[in-house]
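For reference, the chains in residue letters:
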Number of protein chains: 4
Amino acid sequence: MIHTSNNIRVRYAETDRMDVVYHANYLVWFETARIKMLDQIGLPYREIENQGLFLPVLNISVEYKIPARFDDILDIHIFMTKKPRARIHFKYEVIRDTEILATGKSSHGFIDRERKCVRPPQKLMNLIEVAWSS
Amino acid sequence: MIHTSNNIRVRYAETDRMDVVYHANYLVWFETARIKMLDQIGLPYREIENQGLFLPVLNISVEYKIPARFDDILDIHIFMTKKPRARIHFKYEVIRDTEILATGKSSHGFIDRERKCVRPPQKLMNLIEVAWSS
Amino acid sequence: MIHTSNNIRVRYAETDRMDVVYHANYLVWFETARIKMLDQIGLPYREIENQGLFLPVLNISVEYKIPARFDDILDIHIFMTKKPRARIHFKYEVIRDTEILATGKSSHGFIDRERKCVRPPQKLMNLIEVAWSS
Amino acid sequence: MIHTSNNIRVRYAETDRMDVVYHANYLVWFETARIKMLDQIGLPYREIENQGLFLPVLNISVEYKIPARFDDILDIHIFMTKKPRARIHFKYEVIRDTEILATGKSSHGFIDRERKCVRPPQKLMNLIEVAWSS
């Protein structure tokens, strides 16, 4: 398993008139956690795209338990619990202090500039092996 | 079953550097379709909130098949396939011409101003009965 | 002068915890009005980008007078009051019924794929001439 | 003068198909800098709203010079160059390394829950005096 967490502070722009965070913003936070995990693994997502590969979201789901609010300090935890083959799967937890506010899952597949499905880059696979055992 | 569709045009703001619509925006489109269905049923969501009730998202999922792009004209179809009890469930299809670009599901529960779970308003239940048989 | 207006309905996602529309969303609405004006002139912005030209915002300003709210039906009026030379200038009014909620201005310049400044496409200039006198 | 800066990392969600940051997002970054300045002054904005006061944007403007891009690390500098009276004015600079990518200005006025204009809270005025001379 690989685990990373990203710390965020809820922006005013992310709230809605129900006085909680608008639900679509959790997907944006999940993305910041994926970016952070790839940094930590050693292959920043920016570099993946620079090589002409992209990692779009194939499916995503979120379970909302307790609303996040303006100015909350949150930890967005991300977990890779299975080594990727064609697809990469992530799980997420949005945590405020010791409370789990929301959980989520997403699956992703690599594509090239022509949007053709391709295998994950070997460099990434190697780095995941290293990160897995550490 | 109750079925409604809402027509939207993809905004530049909704795209990302992959030259497709950023995935979180589909959740916003789903919301516009829920609003439209409640209009059609005869109890606009605005009026529900005016009475001190709110209908937050409990969980949501999206399956992305074909990317939506800038300036696409899309139909966001929404389906209520089960009559609500405590929770209301919706299914979604994002359609461009005859292609299904994405599908989704969400569940919602009514809460009051103190965020206490409450049953759906009787007026809504009655209007759903009427819409169901029509 | 060329004048176009675009009708929008305020989305829940566009509100914030002050129970009004979050101020940055007005810029997105202005963009929908620019798109509509270019449609009306006869050269959709999508086609401009398809030819490798882009029209980024150089500067923008907004004056907020009365807050827009969830579910408001608004007309976003856009005015081209000077024929473009190197730069194109737009003015905006956000109107609810007969009230002006906000006004704005923006300036734009054409660039190519290498982000080099270029003159507006001649086709657009010709179409503006036609739209101006009509 | 009071000066604060807030460090942000550009999110994928903030980019658009022109492969730069969508222009409306700069307003969101300005907001994060205002929040940070109020923290530094000693009266977090959250506490101001908890007391039933709000600080909406009255007007805002941005000058875009060089585009910000995905994954950029940016410093959002904010300056209060005049002591507030009825209105509070801020200036902004978006900086990447040593380059100024954009500048901006905004004006704000305090309102209460009924949206009536009120004077800035005395506590804030006192704290600004302290921050000014330090």
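These numbers come from a predicted model, not from an experiment.

Parameters and conventions
- Residues numbered from 1 in each chain as written.
- Chains lettered and ligands numbered in written order.
- Predicted model: local features only at pLDDT ≥ 70, side-chain atom pairs only at ≥ 80, totals over all residues.
- Heavy atoms only, no water.
- Helix = DSSP H or I, 4+ residues; strand = E, 2+ residues; numbered from the N terminus.
- Expected span 1.5 Å × (residues − 1).
- Buried < 20%, exposed > 50% of the residue type's maximum accessible area, 1.4 Å probe, protein only.
- Arc of directions from axis to C-beta.
- Contact = heavy atoms within 4.5 Å.
- Least-squares fit on C-alpha atoms with pLDDT ≥ 70 in both.
- Buried area = accessible area lost by both parts, 1.4 Å probe.
- Salt bridge = Lys/Arg side-chain N within 4 Å of Asp/Glu carboxyl O.
- Nonpolar A, V, L, I, M, F, W, Y, C, P; charged D, E, K, R; others polar.
- Pairing = 2+ DSSP bridges.
- Axes fitted to C-alpha atoms, helices over the stretch in contact; angles between N-to-C directions.
- Phe/Tyr/Trp six-rings, centres within 6.5 Å; stacked < 30°, edge-to-face > 60°.
- Polar contact = N/O pair within 3.5 Å; in protein donor to acceptor, adjacent residues only side chain to side chain.

Novice: Help me understand helix H1 (residues 25-41) of chain A, please; the structure alone is not making it clear to me.
Specialist: The periodicity of an α-helix, 3.6 residues per turn, causes residues three or four places apart in sequence to face the same way. Residue and element names in this part refer to chain A. The first and last C-alpha atoms of H1 sit 25 Å apart over 17 residues, in line with the 24 Å expected at 1.5 Å per residue. Counting buried positions along H1 yields 14 of 17 residues, so the element is predominantly enclosed. Where H1 terminates, the next one or two residues include Gly 42, which has phi positive at roughly 115 degrees.

Novice: Would you mind going over helix H3 (residues 122-133) of chain A with me for this structure?
Specialist: Residues and elements named next belong to chain A. The end-to-end C-alpha separation of H3 is 17 Å, in line with the 16 Å expected for 12 residues at 1.5 Å each. Listed in full, the buried residues belonging to H3 are Leu 124, Met 125, Ile 128 and Ala 131. Projected down its long axis, H3 shows its buried positions confined to an angular sector of 125 degrees, all on one face. Within H3, the exposed residues directed more than 90 degrees away from the buried face are Gln 122, Val 130 and Ser 133. Those residues of H3 that are buried are in contact with strand S1 (2-9), H1, strand S3 (73-80) and strand S4 (87-96).

Novice: Teacher, can you tell me more about the relation of the copies chain B and chain C here?
Specialist: Two chain copies, one operation linking them: a rotation about an axis together with a shift along it. Screw-axis analysis of chain B against chain C gives a translation of 0.0 Å along the axis, an RMSD of 0.0 Å, and a rotation angle of 180 degrees. The superposition operator between the copies reduces to a two-fold rotation axis. Identified as the residue of chain B closest to the rotation axis by C-alpha distance is Ile8(B), at 5.2 Å. Both copies present the same face, since 100% of the interface residues in chain B are matched by interface residues at the equivalent positions in chain C.

Novice: Looking at this structure, how should I read the interface of chain B and chain A?
Specialist: How big an interface is tends to be stated in terms of accessible area lost as the parts join. Across the contact, 26 residues belong to chain B and 26 residues belong to chain A. Taking both sides of the interface into account, the surface hidden between chain B and chain A amounts to around 2,200 Å²; carbon and sulfur atoms contribute 54%. Per-residue buried area on chain B facing chain A is highest for Met18(B), His23(B) and Arg115(B); these three make up 26% of the total on that side. Along the contact surface separating chain B from chain A lie two salt bridges. Note that Arg17(A) and Glu49(B) form a salt bridge whose closest N and O atoms lie 2.4 Å from each other. Sorting the residues of the side of chain B that touches chain A by element identifies helix H1 (25-41), helix H2 (45-50) and strand S3 (57-64) of chain B as the ones contributing at least two each. A class-by-class count of the residues in the side of chain B that touches chain A yields 16 nonpolar, three polar and seven charged.

Novice: What is the right way to read the sheet that holds strand S5 (residues 99-109) of chain D from this model?
Specialist: Note on sheets: strands pair through backbone hydrogen bonds, and any given pair is parallel or antiparallel. An order of S1(C)-S3(C)-S4(C)-S5(C)-S2(C)-S2(D)-S5(D)-S4(D)-S3(D)-S1(D) is seen for the 10 strands of this open sheet, with the pairing classed as antiparallel. What marks the edges here is a single partner per strand, and that holds for strand S1 (2-9) of chain C together with strand S1 (2-9) of chain D. Across the sheet, the mean angle separating the axes of adjacent strands is 15 degrees when strand polarity is ignored. The sheet contact formed by strand S4 (residues 87-96) of chain D and S5(D) spans 10 bridges and is antiparallel. Bridging across to S5(D), Arg96(D) finds its partner in Glu99(D).

Novice: Just to check I follow, could you spell out the pattern of salt bridges for this structure?
Specialist: Any two side chains of opposite charge can pair, so long as their charged atoms come close to each other. By the definition in use, this model includes 40 salt bridges over all chains. Two residues, Arg9(A) and Asp39(D), come together in a salt bridge whose shortest N-O distance is 2.7 Å. Highlighted residues: Arg9(A) in strand S1 and Asp39(D) in helix H1 (residues 25-41), drawn from two different chains. Taking the relative accessible area as the measure of exposure, Asp39(D) reaches 27% and is therefore partly exposed. Taken together, the shared-partner salt bridges connect Arg9(A), Asp71(A), Asp39(D) and Arg46(D) into one network.

Novice: Would you take a moment to explain the pairing of S1(A) for this structure?
Specialist: Regular strands place side chains that alternate from one sheet face to the opposite one. Residues and elements named next belong to chain A. The alternating pattern of S1 places Ile 2, Thr 4, Asn 6 and Ile 8 on a buried face, while none of His 3, Ser 5, Asn 7 and Arg 9, on the opposite face, is buried. Note that S1 and S3 share eight bridges and pair antiparallel. Residue pairing for S3: Ser 5 is matched across the bridge by His 77.

Novice: For this particular structure, what's the right way to read the packing of aromatic side chains?
Specialist: One pair of aromatic rings is described through two measures. These are the centre distance and the angle between the planes. Under the definition given, this model contains 28 aromatic pairs over all chains. Between Phe90(A) and Tyr92(A), the aromatic rings sit 6.5 Å apart at their centres with planes inclined by 45 degrees, giving tilted as the arrangement. Exposure remark for Phe90(A): the relative accessible area of 4% places this residue in the buried category. Measuring from centroid to centroid gives 4.9 Å for Tyr12(D) and Phe70(D), while their planes differ by 70 degrees, and the two rings are edge-to-face. Of this pair, Tyr12(D) sits in the loop between S1 and H1 while Phe70(D) sits in the loop between strand S2 (57-64) and strand S3 (73-80), placing them 58 residues apart in sequence. Judged on exposure class, the residue Tyr12(D) and its partner Phe70(D) are both buried. Through successive ring pairs, a cluster of aromatic residues spans Tyr12(A), Phe70(A) and Tyr45(D).

Novice: How do you make sense of the environment of Tyr26(D) when you look at a structure like this?
Specialist: All names here are of chain D. Following the sequence through the fold, Tyr 26 ends up in helix H1. Beyond its immediate sequence surroundings of up to four residues, Tyr 26 is in contact with Val 21, Tyr 64, Ile 66, Pro 67, Ala 68, Val 94 and Ala 102. One polar contact links the side chain of Tyr 26 to the main-chain amide nitrogen of Ala 68, over a distance of 3.2 Å.

Novice: Honestly, the interface of chain B and chain C in this entry has me stumped. Any pointers?
Specialist: In this assembly, 18 residues from chain B lie in contact with 18 residues from chain C. Interface area, chain B with chain C, both sides summed: about 1,600 Å², of which 49% is carbon and sulfur. Residue Arg11(C) pairs with Glu14(B) through a salt bridge whose shortest N-O separation is 2.9 Å. In this structure, the connection of chain B to chain C is made through 12 residue pairs in polar contact (both at pLDDT 80 or more). At the level of secondary structure, the elements contributing two or more residues to the side of chain B that touches chain C comprise strand S1 (2-9), H1 and H2 of chain B. Of the residues belonging to the side of chain B that touches chain C, the class tally is nine nonpolar, one polar and eight charged.

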